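If you want the building blocks of each chain, they are given just below.
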Amino acid sequence: MSESLETLLLRLSEAGEPATLWGRQAKPHFGSEFERLLARRILVEQAPATEWPVCASCECGIVARPIQAAGDRHIAPCPYDHRCDVSLDDDDLRSFRIDGAVLIKEIAAASGIGNEPEPTLPGVWHFGPFGSKRTIFGAFSISAATQPGLIVAMKALARGQPVTLVAPPLPTSERQHFRQAGIHLVAVGDAIGHNGSAWALDPSRLVPEIVVAPRLVITRSAKFVSLDDIDYALSDQTFKLLCLLAARARSDQPFAATRDIEQEIWGSSLHRVSRSARDVVRELREALVAGASDRDAVRRLIENQRNRGWRLTLVADAIDLRD
Ligand SMILES: [Zn+2]
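Turning our attention to the overall build of the chain. Helices and strands together make up the secondary structure of the chain, namely 13 helices and 19 strands. Computed over C-alpha atoms, the radius of gyration of the chain comes to 31 Å, more than 25% over the 20 Å expected from 2.2 N^0.38 for 323 residues, which places it beyond the range of a compact globule. Along the first, second and third principal axes, the C-alpha atoms of the chain reach 100 × 50 × 35 Å. Here the chain, with 323 residues, has 41% of them falling under the buried criterion. In the chain, 54% of the contacts between residues at least 6 apart in sequence involve partners at least 24 apart. Looking at the chain as shown, the accessible area adds up to about 17,900 Å², and 50% of this sits on carbon and sulfur atoms. For the chain, the distance from the average position of its 38 positive side-chain charges to the average position of its 41 negative side-chain charges is 10 Å.

Accessible area lost upon the coming together of the parts serves often as the stated size of an interface. Its domain assignment divides the chain into domain 1 (5-98), domain 2 (100-205) and domain 3 (216-322). Domain 1 and domain 3 are separated by 67 Å when their C-alpha centres are compared.

Here we take up the pairing of strand 6 (residues 73-76). Where burial is concerned, the two faces of strand 6 differ: the one with His 74 and Ala 76 is buried and the one with Arg 73 and Ile 75 is not. Note that strand 5 (residues 68-70) and strand 6 share three bridges and pair antiparallel. Residue Ala 70 lies in a different strand from strand 6, and its bridge partner there is Arg 73. Where strand 5 folds back on strand 6, the antiparallel hairpin that results is connected by two residues, among which Gly 71 adopts a positive phi of roughly 65°. The sheet contact formed by strand 6 and strand 7 (residues 86-88) spans three bridges and is antiparallel. Within strand 7, the position partnered with Ile 75 by the bridge is Ser 87.

Take the nonpolar core next. Counting residues in hydrophobic clusters, the biggest one holds 34 residues, and the most contacted among them are Leu 21, Leu 43, Ile 107 and Leu 201. Those elements that provide at least two residues to this core are helix 1 (5-13), strand 1 (19-22), helix 3 (32-39), strand 8 (95-98), helix 5 (100-110), strand 10 (124-129) and helix 9 (188-191). Mapping this core onto the domain boundaries places at least three of its residues in each of domain 1 (5-98) and domain 2 (100-205). Residues in contact with Leu 43, not counting those within four places in the same chain, are Leu 9, Leu 21, Phe 34, Leu 37, Leu 38, Phe 96, Arg 97 and Ile 98. Counting 33 residues, the second-largest nonpolar core is a separate cluster that includes Tyr 232, Leu 245, Leu 288 and Ile 319.

When pLDDT is averaged across the chain, the result is 90; 98% of the residues are at 70 or more. Confidence, read as mean pLDDT per element, is least for helix 13 (residues 295-299) in the chain (88) and greatest for strand 2 (residues 43-45) (97).

The next subject is unusual backbone geometry. Following Glu 17, the chain continues to Pro 18 via a peptide bond in cis, the omega torsion being -10°. Note on placement: Pro 18 falls in the loop between helix 1 and strand 1. You will see that Arg 41, though not glycine, has its phi angle at about 65°, which is positive. In this fold, Arg 41 is placed in the loop between helix 3 and strand 2.

Further remarks concern helix 12 (residues 277-291). Spanning 15 residues, helix 12 covers 22 Å between terminal C-alpha atoms, matching the ideal 21 Å at 1.5 Å per step. Buried residues along helix 12 sit in contact with strand 16 (230-232), helix 10 (236-249), helix 11 (258-266), helix 13, strand 17 (302-305) and strand 18 (309-312).

This brings us to the sheet that holds strand 15 (residues 224-227). An order of 16-15-14-19 is seen for the four strands of this open sheet, with the pairing classed as mixed. Each having just a single partner strand, strand 16 and strand 19 (319-322) make up the two edges of the open sheet. Each adjacent strand pair in this sheet contributes to an overall mean axis angle of 15°, direction not counted. Looking at chain direction, strand 14 (residues 216-219) and strand 19 are connected through four bridges and run parallel.

Considering all chains together, one arrives at 21 salt bridges under this definition. In this structure, Lys 27 and Asp 91 form a salt bridge, with 3.5 Å as the shortest nitrogen-oxygen distance. Of the two residues, Lys 27 is situated in the loop between helix 2 (23-26) and helix 3 and Asp 91 in helix 4 (residues 90-93); the sequence distance between them amounts to 64 residues. For Lys 27, a relative accessible area of 38% translates into the label partly exposed. Accessibility expressed as a relative area gives 19% for Asp 91, which makes it buried. A salt bridge links Arg 275 to Glu 283; its shortest N-O distance comes to 3.1 Å. We classify Arg 275 as partly exposed; its relative accessible area is 27%. Taken together, the shared-partner salt bridges connect Lys 27, Glu 45, Asp 89, Asp 91 and Arg 94 into one network.

Criteria and cut-off values
- Chains are numbered independently. Their residues run from 1 in the order of the written sequence.
- Two thresholds apply to this predicted model, a pLDDT of at least 70 for residue-level local features and 80 or more for giving and counting side-chain atom pairs, whereas whole-chain, interface and lining totals are computed over all residues.
- Heavy atoms from the whole structure form the basis of all side-chain values; hydrogens and water molecules are not counted.
- Secondary structure elements are defined from DSSP: runs of H or I of at least 4 residues count as helices, runs of E of at least 2 residues count as strands, and each element is numbered from the N terminus.
- This radius of gyration counts C-alpha atoms alone. The globule rule is 2.2 Å times how many residues there are, raised to the power 0.38.
- A simple rule labels every residue: compare its accessible area, found with a 1.4 Å probe on the protein chains alone, to the largest value its type can have, and call it buried under 20%, exposed over 50%, or partly exposed in between.
- Whether two residues are in contact is decided by their heavy atoms: any pair within 4.5 Å suffices.
- All accessible-area figures derive from a Shrake-Rupley calculation using a 1.4 Å probe, and residue coverage is judged against the displayed protein chains alone.
- When charges are tallied, Lys and Arg are placed among the positive residues and Asp and Glu among the negative ones, while His and the ends of the chain are skipped.
- One atom stands in for each charge, and that atom is NZ of Lys, CZ of Arg, CG of Asp or CD of Glu.
- Residue ranges labeled as domains rest on an automatic or database domain assignment.
- Each pair of strands is called paired provided DSSP finds at least two bridges between the two strands.
- Here, nonpolar core means buried Ala, Val, Leu, Ile, Met, Phe, Trp, Tyr and Cys residues that are tied together by side-chain atoms lying within 4.5 Å of each other.
- In predicted models, pLDDT denotes the confidence assigned by the predictor to each residue on a 0 to 100 scale.
- Multiplying 1.5 Å by the residue count of a helix minus one yields the expected span of that helix.
- Simply put, an axis is a line fit to the C-alpha atoms, just over the touching stretch for a helix, and the angle between two N-to-C directions goes from 0 to 180 degrees.
- For salt bridges, the criterion is a side-chain nitrogen of Lys or Arg within 4 Å of an Asp or Glu carboxyl oxygen.

Listed below in structure tokens is the structure:
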């Protein structure tokens, strides 16, 4: 069985109410969890089917095929071509309605949300604040997530808090509406079932990743340097040093020792070095400070530690280092 029962039910819910799980799909999942969902009335068994869909390939022209008993099995005969008859067992005739309203309560409870979710609009529930200073909503069908007025309704209930909507994957144009309204969309499959419990929302997945614009942009081939949107023209030696420090800052060894700097700048002609690495660091710092709008901040950009060398005090995401 490749798909978990939770994933299957959430996927079937995407098409909207009534969402039905047929016996043939359910069969691999029969067991204690299935019984629990029946007992909780997340799944509600329907009367056994008496009709079967017409065959896709022939043109028998009827609306549905009545199911007939055939020994201890059943048959959905095609009036047009007996080779299209479908043989069915008892489980094939079973079906289960997925009750979205009860399912959402199960998700809230599994997530440790104290209050029962409130309906916002048909098929949309308000989980309330959860995990962070965000207000979380859930919609499991595409039609519920794309109904008119949803953005306004969610914003009204959020009372100024940022909003996350857990919803099925939506078309690009729909996603753009939410993005323009500042609403963070998370796919149901990305939000649920990732932290140990099959039905729990993972709070860490409900928060948008913060994208930091790089402060320092370096293109080696063009010898281009931009810091805080100011372009710099550096000497060969200071440019090499900055590239070294930037590469180190993006690794787990942020410091460059004197020897590393000498090797980077002078390489095989190291024996003819007439100035110290310290001089080049000073020249780089002075060049960066000279062009900066916030000189004190830029002065602190290169840090020296005894016995370790020099490093940039920028986080890796703040540095864009390209060839
Ligand atoms: Zn047919």
